[in-house]
2 protein chains.
Amino acid sequence: MVLNYPGGKRFKVKEDHERIHRFHPNYGNRGMTLEEDLNATNEYYREHGIAVIHKKPTPIQIVRVDYPKRSAAVIKEAYFKQTSTTDYNGVYRGKYIDFEAKETQSTTSFPLKNFHEHQIQHMKQVIEHGGICFVILRFSSLDEVYLLDASHLLIFWERQQSGGRKSMTKQEIERYGHYISLGYQPRIDYIKVVESIYF
Amino acid sequence: MVLNYPGGKRFKVKEDHERIHRFHPNYGNRGMTLEEDLNATNEYYREHGIAVIHKKPTPIQIVRVDYPKRSAAVIKEAYFKQTSTTDYNGVYRGKYIDFEAKETQSTTSFPLKNFHEHQIQHMKQVIEHGGICFVILRFSSLDEVYLLDASHLLIFWERQQSGGRKSMTKQEIERYGHYISLGYQPRIDYIKVVESIYF
């Protein structure tokens, strides 16, 4: 399946935020995507020997590659593919860690359209195999981040499939999820929550 | 770092092997790459509820994307990036599994240039965090496959860095590694070996 990247959003050129921060040094955390914050957090975890967790590369279907003489291969035609798994995985204290991270502009609920069927099936499999599986949800306008165990997401997903609401309410996330306090280093200290609820 | 894909090899269009098999239905396993065999094996493991292990997508540095009206986004310029981790990871019986897979045409030794410094550092980290980490090595001309725990690879790597030989001998791999018997389904049953040596 070929699609705009990801979930219909446009691909962001990486340097955008660097440019923002160069010209607005006091811009702070605003404008950083959840992905950037989690990449920085994971880097912090690796550098400090806390956990080894990486974001998986974006899957690409390559159609045409040129091999110019004396320089690097250039991909000339390729398409974004839908991921069949979640975006982040790795190891913490020997256990398998697996999660997806999404953000919403809504202040009252989290739309389930942020996830797709393949990811839900993957989460089910990870749970069945004893892995630690969750989602990190950011309410961007409120700058609030929650960790929700995948088992709860699966229940909300089933509710939707039975004709129920197409989102989780913020109250539900507050009740079944865990608030992650935000900091400077690491920015989103989700391992502290993982440690407290899974170990 | 931008490079030809991977380790100087050219990118293979996926359909090649499908075409070979369509015209040569008795072609059997010959000509299948190690990656194809492992992907089929991992699919078998997932479908049979044995383990959840995926190959990570090839990391790509995207430079230019076109958004034609009414059709999918097209990547018009991109480059292969070097991976900072191993290619395969996932979960088996709750434990984190992480490995790299490589093949050689040599019948007597396995060149260490098949691995790069980033991957070696990643393997070290995984071991430190209690993950199960190994390499799957295929001697293609002999159709022999071995699983070698990463701790042994690290010793051979250090030997090289101290001015020692630039490869592991086949005898060393036979001694410190574990032979994986090849089959039809799954093709490379490495989890059987993982079960016997790590659990």
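The rules behind the values
- Residues numbered from 1 in each chain as written.
- Chains lettered and ligands numbered in written order.
- Predicted model: local features only at pLDDT ≥ 70, side-chain atom pairs only at ≥ 80, totals over all residues.
- Heavy atoms only, no water.
- Helix = DSSP H or I, 4+ residues; strand = E, 2+ residues; numbered from the N terminus.
- Areas by Shrake-Rupley, 256 points an atom, 1.4 Å probe, with all protein chains shown as cover.
- Least-squares fit on C-alpha atoms with pLDDT ≥ 70 in both.
- Contact = heavy atoms within 4.5 Å.
- Expected span 1.5 Å × (residues − 1).
- Buried < 20%, exposed > 50% of the residue type's maximum accessible area, 1.4 Å probe, protein only.
- Arc of directions from axis to C-beta.
- Salt bridge = Lys/Arg side-chain N within 4 Å of Asp/Glu carboxyl O.

Asks: Give a description of the overall build of chain A that names residues and reports values.
Replies: Counting its regular elements, chain A contains six helices and 10 strands. When the accessible surface of chain A is summed, it comes to about 10,100 Å², and 49% of that surface belongs to carbon and sulfur atoms.

Asks: How would you sum up the relation of the copies chain B and chain A? Please name residues and give values.
Replies: Expressed as a screw transformation, the operator carrying chain B onto chain A has a rotation angle of 180° and an axial translation of 0.0 Å, and the superposed copies differ by an RMSD of 0.0 Å. The superposition of one copy onto the other is thereby described by a two-fold rotation axis. A shared interface surface links the copies, since 100% of the contact residues of chain B are contact residues in chain A too.

Asks: Mind laying out helix 3 (residues 117-128) of chain B, listing which residues take part and the relevant values?
Replies: End to end, helix 3 of chain B covers 17 Å across 12 residues, agreeing with the expected 16 Å (1.5 Å per residue, within 8%). Listing the buried residues of helix 3 of chain B in full gives Gln119, Ile120, His122, Met123 and Val126 of chain B. All buried residues of helix 3 of chain B fall inside an arc of 160° around its axis, so they share one side. Elements that come into contact with the buried residues of helix 3 of chain B comprise strand 1 (52-55) of chain A together with strand 5 (95-104), strand 7 (132-139) and helix 4 (150-161) of chain B.

Asks: Give me the lowdown on the pattern of salt bridges, citing residues and values where you can.
Replies: All names here are of chain A. Applying the stated criterion across every chain, the model contains 20 salt bridges over all chains. Linking Lys102 and Glu100 is a salt bridge whose minimum nitrogen-to-oxygen distance equals 3.7 Å. The exposure classification of Lys102 matches that of Glu100, with both residues buried. Note that Glu172 is salt-bridged to Arg159, the shortest N-O span being 2.7 Å. Pair noted here: Glu172 is in helix 5 (residues 170-176) and Arg159 is in helix 4 (residues 150-161), with a separation of 13 residues, a long-range link. Residue class for Arg159 comes out partly exposed when judged on its relative accessible area of 26%. In this structure, a network of salt bridges that share partners links the residues Asp37, Glu103, Arg138, Asp143 and Arg187.

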